[in-house]
Amino acid sequence: LRYGTVPIVHRVGGLIDTVTDATPATLAAKTTTGVVFDRADATSLVDAVTRTMDLRERPRTWAQLIATAMHQDNGWRHSAKEYLALYRSALT
């Protein structure tokens, strides 16, 4: 994300915490950071690639997606703060 490469990912593990799927709602909210597919099969992957190619044909949308993705804070400082807040809430 940091380098402006739009990810196409399967909805699994940590990726779902990092990549926000390009849906009409997330595109309108300007929170999209990539394209996510649910089923681990060839058809779903091809559909995701097709959706990505369609987005690429919309220059303003594509530029917004890249800008949003590049400004995500996925570093350990951010994650560490979230873990610390979680651990503190478990103590109370």
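Before any of the text, the structure's been laid out above.
Residue indices begin from 1 for each chain and proceed along its sequence in written order. Thresholds applied to this predicted model are a pLDDT of at least 70 for local features of residues and 80 or more for the giving and counting of side-chain atom pairs; totals over whole chains, interfaces and linings are not thresholded and use all residues. For the side-chain quantities, the full set of heavy atoms in the structure was used; hydrogens and water were omitted.

(A) Inspection of the layout of surface pockets at higher detail. Only protein atoms enter the 1 Å grid used here. Points where a 1.4 Å probe fits but cannot escape make up a cavity, open sets with protein on both sides within 12 Å along at least five of seven lines make up a pocket, and a residue lines them when an atom lies within 4 Å of a point. Grid points are joined across faces, edges and corners, and a volume is the space filled by probe spheres set on the points. By volume, the largest pocket is sized at about 180 Å³. Lining of the largest pocket is provided by G14, D17, T18, D73, N74, H78, S79 and E82. Elements with a minimum of two residues in the lining of the largest pocket: helix 1 (15–18) and helix 5 (76–91). In this text, helices come from DSSP runs of H or I with a minimum length of four residues, and strands from runs of E with a minimum of two, each type numbered from the N-terminal end. Broken down by element, the residue count for the lining of the largest pocket peaks at 3 residues, all from helix 5.

(B) The side chain of T33, seen in detail. By the secondary structure assignment, T33 is in the loop between helix 2 (24–29) and strand 2 (35–37). Apart from residues lying up to four places away in sequence, T33 is in contact with L1, P7, T18, V19, T20, L65, T68, A69 and Q72. By definition, residues are in contact when any of their heavy atoms lie within 4.5 Å.

(C) Layout of the nonpolar core. Put simply, buried Ala, Val, Leu, Ile, Met, Phe, Trp, Tyr and Cys residues joined by side-chain atoms within 4.5 Å make one nonpolar core. Burial classes follow relative accessibility: with a 1.4 Å probe on protein chains only, a residue under 20% of its type's maximum area counts as buried, one over 50% as exposed, and anything between as partly exposed. Formed by V6, A22, V35, F37, A48, L55, W62 and L65, the largest nonpolar core amounts to 8 residues. At the level of elements, strand 2, helix 3 (42–56) and helix 4 (59–70) are the ones that each hand at least two residues to this core. Excluding anything up to four places from it in sequence, A22 contacts L27, T32, G34, V35, R51 and L55.

(D) Layout of a nonpolar patch on the surface. The grouping of I8, L45, V49 and M53 at the surface amounts to a nonpolar patch, some 310 Å² of accessible area in total. The leading source of residues in the nonpolar patch is helix 3, at 3 residues. Tracing the backbone through its elements, the reader meets M53 in helix 3. By relative accessible area, which is 51% here, M53 ends up exposed. Residues qualify for a patch when their relative accessible area is over 30% and they have no salt bridge, like charges being joined within 9 Å and the nonpolar side chains of Val, Leu, Ile, Met, Phe, Trp and Tyr within 5 Å. Residue-level accessible areas treat just the shown protein chains as cover; the underlying method is Shrake-Rupley with a 1.4 Å probe. Salt bridges are defined by distance alone: a side-chain nitrogen of Lys or Arg within 4 Å of a carboxyl oxygen of Asp or Glu.

(E) A look at the pattern of salt bridges. Summed over all chains, the structure comprises 3 salt bridges. Between R11 and D38 there is a salt bridge, and its shortest N-O distance comes to 2.4 Å. Pair noted here: R11 is in the loop between strand 1 (8–10) and helix 1 and D38 is in the loop between strand 2 and helix 3, with a separation of 27 residues, a long-range link. You can call R11 partly exposed: its relative accessible area is 37%. R39 serves as the salt-bridge partner of D41, at 3.2 Å between the closest nitrogen and oxygen. Classification of D41 by relative accessible area gives partly exposed; the value is 31%.

(F) Representation of the environment of I8 in the model. Take I8: it is sitting in strand 1. For I8, a relative accessible area of 30% puts it in the partly exposed group. Measuring from C-alpha to C-alpha, the distance between I8 and T52 comes to 7.8 Å, with 44 residues separating the pair along the chain. Ignoring any residue separated from it by four or fewer positions in sequence, one finds I8 in contact with V35, F37, L45, A48, V49 and T52.

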